[in-house]
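Structural description and commentary
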Amino acid sequence: MKKNIKRFLSSFHLKLNTVYKKLVCLTLVCSLVPLLLTSSISYYMAYSMSKNRTIDSLRAANRQIAININNRLSQVESLSNSISFYLYHLQKTPLYPLSEYLSAYSQSRNSIGSIKSTFKLLQITVFLPEDCFINPTGNGINFFPLNRLSDYNMTEQELFDAGSRSFWRTNKDLQFPAAFSATPKSVMTCWNAYRNIYTGSLNYAFACHLRLSEFSELLSSPIDTSDSRSYVIDQDNRILMHSDEKKTGSLLAADQVNLWDETKDSFIVGDTLLVAQPLDNPSMMLITQIPLSYVRQNGNFILTFLLLAICSIIICTVCLSIAASKTFTRRFHTLSQVMESIKASENRDILKLLRPMTTRPVCDRDELDQLAGTYETMVLEHDEYFKQILEMSLQTEKLKYQLLQSQINPHFLFNTLNTIVSCQSLGKVELASQTITNLSQFYRHLLHDPDHLIPIREELLVTELYLKLICVSKPNRITWSFETEDGIEHFLICKFIFQPFMENAIIHAIPDSSSSLHIVISIQYEEDTILIRISDNGIGMDKERLADIRQTLQKHQADYDKNYGISNVNVRLTPYFAPGCDTIQLESHPGCGTSFTIHLKQIL
């Protein structure tokens, strides 16, 4: 990345060999990147705002158009009851006597004509069985036999399937009888039919025709642009009504989206925005479309304003950054000069150059002033720190030596040797020989590398040797048991972590010379850790001593004055504690014994 930047700068013969040049270049980069990013975000926001505003406008217009169309369709559908009344009366009137039939026919025809005129319908066409006409062909204008349904692009089967409900059908260039109109008409037709529930045959049917031009006017452009279009489609995406009457009956090219998706009402198809509005008729959907270019044009003003504002801010930022860079670089140069001089010699007088920065009031200091002050302090204290490091190194070596020596208890060795002498004096040669063997094995393990990790099995062996040596001088008073799960003895732990706990129990847990003590070391698996519990049935601890030992363990420091053995083990185990358990846990109650719990990582 750095090589590419240098190659790019070298192509313009630019060398960033000073802090001033780097700061200026960084300012320009930090200005251009936000400019491009902000420009992209601004364009997206302006476009989204314009699109949302356009969609809201189209939704409002669609709702109004839908109300007008729904009212007109509902008005026509509600006329079916009135028309059905007249046709039912006519259909039930017998042909003879002829005068009664003609009277009923005339009344029905006039009433239907009155409905057509009143509600501004283009035509109402009635279809009756042939036996209801004097002339089998009807009147040739608006009353026809049922076998003439095909002239109006309808079949009896479709009427049967619709039942008694009204349904709409678009007929483009429908040819009406010449007595009514010599030229074809494009109409939107509401069909109704009634059949005999016993025979299943049609009693009559009628169609209310509305001019498609009437709906084209209702679907006129809802917004001020010549590119917008509104139309009504059916569930097959066929256009039933259109603001451009010529496109009625064609299929909508929107197969890639589901315009009938009830979860949303706006869609983008290609470079066109579509807004949908369901009509009361469940098989009709009002769609208004507008090109996305119209949306982008509306967002150009906001985008231009934002870009001008951003450019102005960037220019001001660059000018201020250049001026501020000069101030910073002067102090950087001074600090660099001082550092080079200190590196080359032990001269401390050069530090006087930093005084203008280090003597400023604390409230007026910036990070560079603080850096100069920190560097001056660091240089002045360097020699003293070096001496302290030497002293700490010597002290560390001394502590390591003391730690190793403290692992050997002189009293324990003295008592064991006295016991061996006593056994030999009493003639217990075998016991003395075994004790000497155990003692030599114990100290061979003890004097080995104290930082070396050993298997749990070996640590338990050393612990048992220690307990056996103790029992020589205290026969039948101390017992122990080791409880381990299968395979756990192969995991590694620090050396001699059990011995201090054994010594602590033997010294502090036995109340008198006639009492006995039982020690249990339990080692088991616990998820991804090893759980070690060391417990005894001794006299326990009072609250003060318990709190004192816990406090020592929490400090993670070896206390040379008290509790050294246990605190030393706690410090040595610090790198090996399981996550969340960073110290030895201690529980004890007077008269109920003591229990230490250790959670260690599983190490092989």
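Refer to the preceding data block for the structure.
Here is what the cut-offs are and how they apply
- Residues numbered from 1 in each chain as written.
- Predicted model: local features only at pLDDT ≥ 70, side-chain atom pairs only at ≥ 80, totals over all residues.
- Heavy atoms only, no water.
- Disulfide = S-S within 2.5 Å.
- Buried < 20%, exposed > 50% of the residue type's maximum accessible area, 1.4 Å probe, protein only.
- Helix = DSSP H or I, 4+ residues; strand = E, 2+ residues; numbered from the N terminus.
- Salt bridge = Lys/Arg side-chain N within 4 Å of Asp/Glu carboxyl O.
- Patch = residues over 30% accessible without salt bridge, like charges linked within 9 Å, V, L, I, M, F, W, Y side chains within 5 Å.
- Areas by Shrake-Rupley, 256 points an atom, 1.4 Å probe, with all protein chains shown as cover.
- Axes fitted to C-alpha atoms, helices over the stretch in contact; angles between N-to-C directions.
- Parallel < 35°, antiparallel > 145°, perpendicular 65-115°, else oblique.
- Left-handed = near helix turned anticlockwise from the far one by under 90°.
- Contact = heavy atoms within 4.5 Å.
- Nonpolar A, V, L, I, M, F, W, Y, C, P; charged D, E, K, R; others polar.

**Section: the state of the cysteines**
As used here, a disulfide is simply a covalent bond connecting the sulfur atoms of two cysteines. For the structure shown, the criterion picks out 0 disulfides. Between Cys 190, a cysteine without a disulfide, and Cys 208, which holds the nearest cysteine sulfur, the sulfur-to-sulfur distance is 5.6 Å. Cys 190 gets classed as buried once you look at its relative accessible area, which sits at 0%.

**Focus on the environment of Thr 304**
Positionally, Thr 304 belongs in helix α6 (residues 292–344). Taking the relative accessible area as the measure of exposure, Thr 304 reaches 45% and is therefore partly exposed. Considered as a pair, Thr 304 and Tyr 43 are 261 residues apart in the sequence and their alpha carbons are 9.1 Å apart.

**Re the pattern of salt bridges**
Side chains carrying opposite charge are able to pair once their charged atoms draw close together. Inspection of the entire model under this criterion finds 6 salt bridges. In this structure, Asp 265 and Arg 59 form a salt bridge, with 2.9 Å as the shortest nitrogen-oxygen distance. Here the residue Asp 265 occupies a position in the loop between β7 (239–242) and β8 (266–269), and Arg 59 occupies one in helix α2 (residues 19–92), the gap between them amounting to 206 residues. Asp 265 gets classed as partly exposed once you look at its relative accessible area, which sits at 24%. Among the salt bridges present, the one from Glu 587 reaches Arg 550, with a minimum N-O distance of 3.3 Å. Here the residue Glu 587 occupies a position in strand β16 (residues 585–588), and Arg 550 occupies one in helix α14 (residues 543–555), the gap between them amounting to 37 residues. Glu 587 sits in the partly exposed class, given a relative accessible area of 47%. Through salt bridges that share partners, Asp 56, Arg 59 and Asp 265 make up one connected network.

**Considering a nonpolar patch on the surface**
Together, Leu 37, Ile 41, Tyr 44, Met 45 and Met 49 give the surface a local cluster of nonpolar side chains, amounting to about 530 Å² of exposed area. Within the fold, Ile 41 resides in helix α2. Overall, Ile 41 belongs to the partly exposed group, its relative accessible area being 43%.

**Comments concerning the packing of helix α12 (residues 456–473) against helix α13 (residues 499–508)**
The relative placement of two packed helices is expressed as an angle between their axes plus a distance between the axes. As a packed pair, α12 and α13 sit with axes 10 Å apart at the nearest point and diverge in direction by 25°. Taken together, the axis directions place α12 and α13 in an arrangement best described as roughly parallel. Once α12 is placed against α13, the crossing between them reads as right-handed. Contact residues: Thr 463, Tyr 466, Leu 467 and Ile 470 in α12; Gln 499, Met 502, Glu 503 and Ile 506 in α13. Across the contact of α12 with α13, the residue classes break down as 5 nonpolar, 2 polar and 1 charged.

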